[in-house]
Amino acid sequence: MNNKELINIIIPCLNEQENVINLAEQIVDKTKGLNYNFHIIFVDDGSTDNTWQNIQNLPFDNISGIKLSRNFGHQAAISAGINSTIDGNVILMDADLQDDPIYIPRFIKKWEEGSKIIIAKRTSRQENLFRRVVFALFFYIQSKLTSIDIPKNTGHFSFLDKEVVK
């Protein structure tokens, strides 16, 4: 490893056999030429399809995988990924291809400008009407139950400075 700053990309997966290879290729493509070391960590959260086999067969040196013994849930998979990092900054993203790797360089630019936490906000949702209503209800309830102002339509797609991760 050289002296470049490390950025870990943690991706929890549950039955994402169709997306793992495509997502890995997109991340490698979008981070090529950036002056950082990238380590991509796929966390298989108890998949019952070929997700784990596809992770193991990815042809890139900077990718590793963690296989959880069963489905522990999205947050547990994120925690497992974060706990596996030695040091460095973290990008969290989902494996369902709704978090577009094209935004990774923008995250890094904001971080270089001094931000310690960068959170992506969806401008539109691709879900059906029922799911949009459920998400709207969730964000409404969340705003009423917490004193923290969390923007609507934000997910896990984010950049965390290594000080925040620690």
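For the structure itself, look to the data block above.
Treat the numbers as computed from the prediction; the structure is a model and nothing was measured.

Draft legend 1. View of the overall build of the protein chain. Of the regular secondary structure elements, the protein chain holds six helices and six strands. Secondary structure elements in the protein chain, listed N-terminal to C-terminal, are β-α-β-α-β-α-β-α-β-α-β-α. A buried classification covers 39% of the 166 residues belonging to the protein chain. Carbon and sulfur atoms make up 51% of the accessible area of the protein chain, which totals about 10,000 Å².

Draft legend 2. Highlighting the environment of Asn-62. Structurally, Asn-62 is set in the loop between helix 2 (51-56) and strand 3 (63-67). Overall, Asn-62 belongs to the partly exposed group, its relative accessible area being 25%. Along the chain, Asn-62 and Val-28 lie 34 residues apart, while their C-alpha atoms are 9.0 Å from each other. Setting aside its immediate chain neighbours within four residues, Asn-62 contacts Val-28, Phe-38, His-39 and Ile-40.

Draft legend 3. Layout of helix 4 (residues 104-112). Turning to helix 4, its buried residues number three or more, namely Ile-104, Phe-107, Ile-108 and Trp-111. Considered in projection along helix 4, the buried side chains sweep an arc of 95 degrees and stay on one side of the axis.

Conventions used here
- Sequence positions are assigned chain by chain, starting from 1 and proceeding in written order.
- Two thresholds apply to this predicted model, a pLDDT of at least 70 for residue-level local features and 80 or more for giving and counting side-chain atom pairs, whereas whole-chain, interface and lining totals are computed over all residues.
- In computing side-chain properties, one takes all heavy atoms of the structure into account and sets aside hydrogens as well as water.
- Going along the chain from the N terminus, every DSSP run of H or I of four or more residues is numbered as a helix, and every run of E of two or more is numbered as a strand.
- Think of it in three bands: residues with accessible area under 20% of the maximum for their type are buried, residues over 50% are exposed, and the middle band is partly exposed, with areas taken using a 1.4 Å probe on protein chains only.
- The accessible surface values rely on the Shrake-Rupley method and a 1.4 Å probe; as for residues, cover is taken only from the protein chains in view.
- Here a residue-residue contact requires only that any non-hydrogen atoms of the pair lie within 4.5 Å.
- Summarising the geometry, the arc corresponds to the directions from the helix axis toward the C-beta atoms.

Keep in mind these numbers describe shape, not what the thing actually does.
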